[in-house]
Amino acid sequence: MSANLAALLYLASGILFILALRGLSSPETARQGNLFGMVGMAIAIVTTLFAVNLDGAGIALIVGGVAIGGGIGAIIARRIPMTAMPQLVAAFHSLVGMAAVLVAAAALYAPEAFHIANDVGDLKALSLFELSLGTAIGAITFSGSVIAFAKLNGNMSGAPILLPARHLINIAIGVFIAVMIAFLMASGGDAKTAFWLITIAAFILGVTLIIPIGGADMPVVVSMLNSYSGWAAAALGFTLENTALLVTGALVGSSGAILSYIMCKGMNRSFISVILGGFGEDGSASAAAGPQGNAKQGSAEDAAFVMKNAGKVIIVPGYGMAVAQAQHALKEMGDLLKAEGVDVAYAIHPVAGRMPGHMNVLLAEANVPYDEVFELEDINSDFSNADVAFVIGANDVTNPAAEDDPGSPIYGMPVLQVWKAGTVFFVKRSLGSGYAGVENPLFFRDNTMMLLGDAKKMTEEINKAMG
Amino acid sequence: MEAVDPTIYRLAIFVLAVFVGYYVVWSVTPALHTPLMAVTNAISSVIIVGALLAATAGVGAPPSPDGDGGEGFSRIVGTIAIILASVNIFGGFLVTQRMLAMYKKKER
């Protein structure tokens, strides 16, 4: 295959990837978009297979590698529960990061195979710069994602781990990586030790960057690592002179960056403050003050009675619903209410759950039609017309202090105005504060009723009481 | 004026693709942000093209001038990278498909 034809095919695959993301603008076109993505990937792989020289061993390695990896991937994709999606995405990011490190290493050791060597087998300084960036970003993505996975999967506590002088450590590692990159470039690729030092330092940096970030800031971390995996791919796209890789890297990089921005805005926090970490630490003082006033506690029967007689109920799910796997019971409750002639809608805060869009996927899994599910801006004005706001496993995203208490750590964060509804039900395990360690004054208002218990059990009891 | 370095053209493609990405991703509905992450995961595994080059290093070519035997190393890490990227490609696209199949409209 001529190099020109190959370049055009890589361009085609890059365009198919753009269309894959474009499809996600609506659930109707999304499935077709995913198909475009698969075709684009197939074109890129087949083109490469025609472009390289294959021997028997090469074919065996490739077929074996794809069969093993593909088999594992297919099994995981089929078996993974939807509630485990955040940690799955983190795990996948780590694989992209590691693959980038390995490809960069191969390019350094066998530059001829990548057509980037000169006559004496040395590399251009620019190629060395690109593959150093590829391995550094890839290594940060890998170890950072492993930490994110461990935090999301519960192998590690979600609490921030704050090393003394951690900013200084990170800056020192960053400077070290930059010096080593310069050293590797000056050596023409012979200083292989420098390459491995860059990689090891970046592995460490990935860990020290992610451990100070608390569990509830995970939506930002997952998006950020998504972005990193894209930039690593793009850096290697320059090395490999490959348009598909360049375009993909740019798409994924900007996608992750935009998601991080949306998540930060949803929490009214600057990206820098999230990255620097440690949120949830300073809030512990106000949490220690304990609940003030009396919270009214209700039973499943009370909730069932009030909601059955309501005209409109808005359901606000949060991370607690995911933990309790209450989405199916919740959908049943929605159906029972609709059978009573009640208007039911769902309100999703941008940072509800542990990753962007987490709640939407769980509701979709429970067969809740997506046109009953609304984003914050689209539904916030409806709470004043609703008779009931049913908050299940969410807390901070409904806290009125974000609007009226300038002293609150979450002041300025956009919140769902559930308090404007006639009655607010809170399904919660305890009266404790949310992740931000912030007291929710809503618990103590007259029109609030607390339904204390496991989200799933409580919803099932309500369903029984309604039946 | 001397000829433009091809790297500049690649930089141009990259920068334009960042802009395309910016506008395309803003148009993604927030309800599909989780599938977006899963599918970007899958497509970033197009890095498998580099892994394929690595796994076939040295085939049909004269021994490298520096004779450091880097090809053998390249083939090993290339194969590992193929496995990792394949997990992502198959896992990413299939889990996206599974998620997207769940998004249904109201039955009327």
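This one's a predicted model, so the numbers in the text were calculated from it and none came from an experiment. (Residues numbered from 1 in each chain as written. Chains lettered and ligands numbered in written order. Predicted model: local features only at pLDDT ≥ 70, side-chain atom pairs only at ≥ 80, totals over all residues. Heavy atoms only, no water.)

Caption draft 1: Just the confidence of the model for chain B, in detail. Per-residue confidence for chain B gives a mean pLDDT of 89; residues scoring 70 or more make up 91%. Confidence estimates for the predicted assembly give a pTM of 0.90 and an ipTM of 0.93. (pLDDT = per-residue confidence, 0-100.)

Caption draft 2: Inspection of the interface of chain A and chain B at higher detail. Every contact between the two is made by 110 residues of chain A and, on the other side, 83 residues of chain B. Taken over both partners, the interface formed by chain A and chain B buries close to 8,500 Å², and the fraction arising from carbon and sulfur atoms is 77%. Per-residue buried area on chain A facing chain B is highest for L24, M41 and F238 of chain A; these three make up 7% of the total on that side. Scanning the region where chain A abuts chain B turns up three salt bridges. Residues K105 of chain B and E28 of chain A are paired through a salt bridge, measuring 3.7 Å at the closest nitrogen-oxygen approach. (Contact = heavy atoms within 4.5 Å. Buried area = accessible area lost by both parts, 1.4 Å probe. Salt bridge = Lys/Arg side-chain N within 4 Å of Asp/Glu carboxyl O.)

Caption draft 3: The packing of aromatic side chains, seen in detail. For the coordinates displayed, the defined rule picks out twelve aromatic pairs over all chains. Between F238 of chain A and F14 of chain B the ring centres are 5.5 Å apart and the planes differ by 65°, which places this aromatic pair in the edge-to-face class. Of this pair, F238 of chain A sits in helix 8 (residues 218–240) while F14 of chain B sits in helix 1 (residues 6–26), each in a different chain. One exposure class covers both F238 of chain A and F14 of chain B, and it is buried. Taking the centre distance of 6.0 Å and the plane angle of 80° together, the rings of Y261 of chain A and W26 of chain B count as edge-to-face. (Phe/Tyr/Trp six-rings, centres within 6.5 Å; stacked < 30°, edge-to-face > 60°. Helix = DSSP H or I, 4+ residues; strand = E, 2+ residues; numbered from the N terminus. Buried < 20%, exposed > 50% of the residue type's maximum accessible area, 1.4 Å probe, protein only.)

Caption draft 4: Seen up close, the sheet that holds strand 1 (residues 312–317) of chain A. Residue and element names in this part refer to chain A. Strand order in this open sheet of six strands is 3-2-1-4-5-6, and the pairing throughout is parallel. At either margin of the open sheet sits one strand with a lone partner, and together these are strand 3 (373–375) and strand 6 (448–452). Strand after strand, the sheet turns through a mean of 25° between neighbouring axes, direction not considered. Alignment of strand 2 (residues 343–348) against strand 3, held across three bridges, turns out to be parallel. Among the inter-strand pairings, A347 is bridged to a residue of strand 3, identified as F374. (Pairing = 2+ DSSP bridges. Axes fitted to C-alpha atoms, helices over the stretch in contact; angles between N-to-C directions.)

Caption draft 5: Quick look at the confidence of the model for chain A. In the predicted model, chain A carries a mean pLDDT of 89, and 95% of its residues have values of at least 70. Within the model, the stretch residues 280–290 of chain A combines pLDDT values under 50 with nine contacts to residues more than four positions away or in other chains.

Caption draft 6: Region of the structure containing helix 3 (residues 56–79) of chain A. For helix 3 of chain A, built from 24 residues, the straight-helix expectation of 34 Å at 1.5 Å per residue is met to within 8% by its first-to-last C-alpha distance of 34 Å. Every buried residue of helix 3 of chain A is accounted for by G58, I62, G65, G69, G70, G73, A74 and A77 of chain A. On its buried face, helix 3 of chain A is in contact with helix 2 (27–51) of chain A together with helix 3 (48–55) and helix 4 (70–102) of chain B. (Expected span 1.5 Å × (residues − 1).)

Caption draft 7: Spotlight on the nonpolar core. Residue and element names in this part refer to chain A. In terms of nonpolar packing, the biggest core is built from 191 residues, with F114, M307, F390, V418 and I462 touching the most fellow members. The element best represented in this core is helix 4 (residues 85–109), accounting for 17 residues. Once residues within four sequence positions are removed from consideration, V418 is found in contact with V316, F383, A389, V391, T398, V424 and L442. (Core = buried A, V, L, I, M, F, W, Y, C linked by side-chain atoms within 4.5 Å.)

Caption draft 8: Expanded view of the pattern of salt bridges. Residue and element names in this part refer to chain A. A full pass over the atoms with the stated rule returns eight salt bridges over all chains. The shortest N-O distance in the salt bridge between D335 and K331 comes to 3.3 Å. Note that D335 and K331 are positioned in helix 14 (residues 327–339) at a spacing of four residues, about one turn of the helix. The class of K331 is buried, set by a relative accessible area of 18%. A salt bridge links K338 to D335; the nearest nitrogen and oxygen atoms lie 3.9 Å apart. Of this pair, K338 and D335 both sit in helix 14, three residues apart, which is roughly one turn of the helix. Under the relative-accessibility criterion, K338 is labelled partly exposed at 32%. Connected through salt bridges with shared partners, the residues K331, D335, K338 and E372 form a single ionic network.

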